[in-house]
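What follows is each chain in one-letter form.
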Amino acid sequence: MATKIRLQRRGRKGYAFYSIVIADARAPRDGRFIEKIGTYNPNTNPSTVDLNFERALYWVEEAGAQPTDTVRNILSHEGVYLMKHLHGGVKKGAFDMEEAQRRFDAWKESKVKGDEKVRATEAQAKKKAYEEELRAEKAINEAIAKKVAEKKAAAAAAAAEAQAAEATEAPAEA
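The following paragraphs examine the structure supplied in this document.

Here is what the cut-offs are and how they apply
Residues numbered from 1 in each chain as written. Predicted model: local features only at pLDDT ≥ 70, side-chain atom pairs only at ≥ 80, totals over all residues. Heavy atoms only, no water. Core = buried A, V, L, I, M, F, W, Y, C linked by side-chain atoms within 4.5 Å. Buried < 20%, exposed > 50% of the residue type's maximum accessible area, 1.4 Å probe, protein only. Helix = DSSP H or I, 4+ residues; strand = E, 2+ residues; numbered from the N terminus. Contact = heavy atoms within 4.5 Å. Salt bridge = Lys/Arg side-chain N within 4 Å of Asp/Glu carboxyl O. Axes fitted to C-alpha atoms, helices over the stretch in contact; angles between N-to-C directions. Parallel < 35°, antiparallel > 145°, perpendicular 65-115°, else oblique. Left-handed = near helix turned anticlockwise from the far one by under 90°.

**A look at the nonpolar core**
Part 1 of the argument: Core analysis: the biggest nonpolar cluster contains 22 residues, and I5, I20, I37, L51, L75 and V80 have the highest contact counts within it.
Part 2 of the argument: Among the elements of the structure, β1 (3-12), β2 (15-24), β3 (35-41), α1 (53-61), α2 (69-78), α3 (80-92) and α4 (97-173) are those that each provide at least two residues to this core.
Part 3 of the argument: The element best represented in this core is α1, accounting for five residues.
Part 4 of the argument: Those residues in contact with L75 that sit more than four places away from it in its chain are I5, L51, A56, V60, P67, V80 and Y81.

Put into structure tokens, the structure is as follows:
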């Protein structure tokens, strides 16, 4: 039986959320599957992946399941293919398992730092945009307040003139 690692669509219209599943190649996209090994949410920045690493490595390395292009990119980004490559080096005798694990941990740490940097940059940009919007809104409110103050001053001056004119006319009539 040819097995595929593929995405199974979930979520509402316009807001896709995917399960990463192992399925028979002949099964429909959202149909029957063998095992669910994770989830993928492309709606966040960066995309959120929750993956059972050991099971994904088993299916890629030992069972020979073929991933789709998108899933291959996800698995590569999560380090499954790097670990498969390192296991190949251990089998060939290039280095031992501890060295392979050390190399993988170093790679994973640099990846986490990169993701944190992206999140921090995104948060900083969001904060800057909010402050800019607030500054623009304050400027607009100050301009409106100035116009209202001018109108009130003009109305008060007109009322004072009318009162003065009325006061000068009232003694003349009396």
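Still more to cover.
**Focus on the pattern of salt bridges**
Pairing between side chains of opposite charge can happen when their charged atoms approach one another.
Part 1 of the argument: Enumeration according to the criterion identifies ten salt bridges in this entry.
Part 2 of the argument: Across the pair E78 and K108 runs a salt bridge whose closest N-O atoms are separated by 3.9 Å. Placement of E78 in helix α2 and of K108 in helix α4 is noted, with a sequence separation of 30 residues between them.
Part 3 of the argument: Take K108: its relative accessible area is 25%, and that puts it in the partly exposed class.
Part 4 of the argument: Across the pair E109 and K113 runs a salt bridge whose closest N-O atoms are separated by 3.7 Å.

**Focus: the packing of α1 against α3**
Part 1 of the argument: Where α1 contacts α3, the axes come no closer than 10 Å and their chain directions differ by 60°. What the angle tells us is that α1 and α3 run oblique. For the element pair α1 and α3, the recorded crossing hand is right-handed. For the pair α1 and α3, the contacting residues are F53, A56, L57, V60 and E61 in the first and V80, Y81, M83, K84 and H87 in the second.

In short, geometric facts, not functional conclusions.
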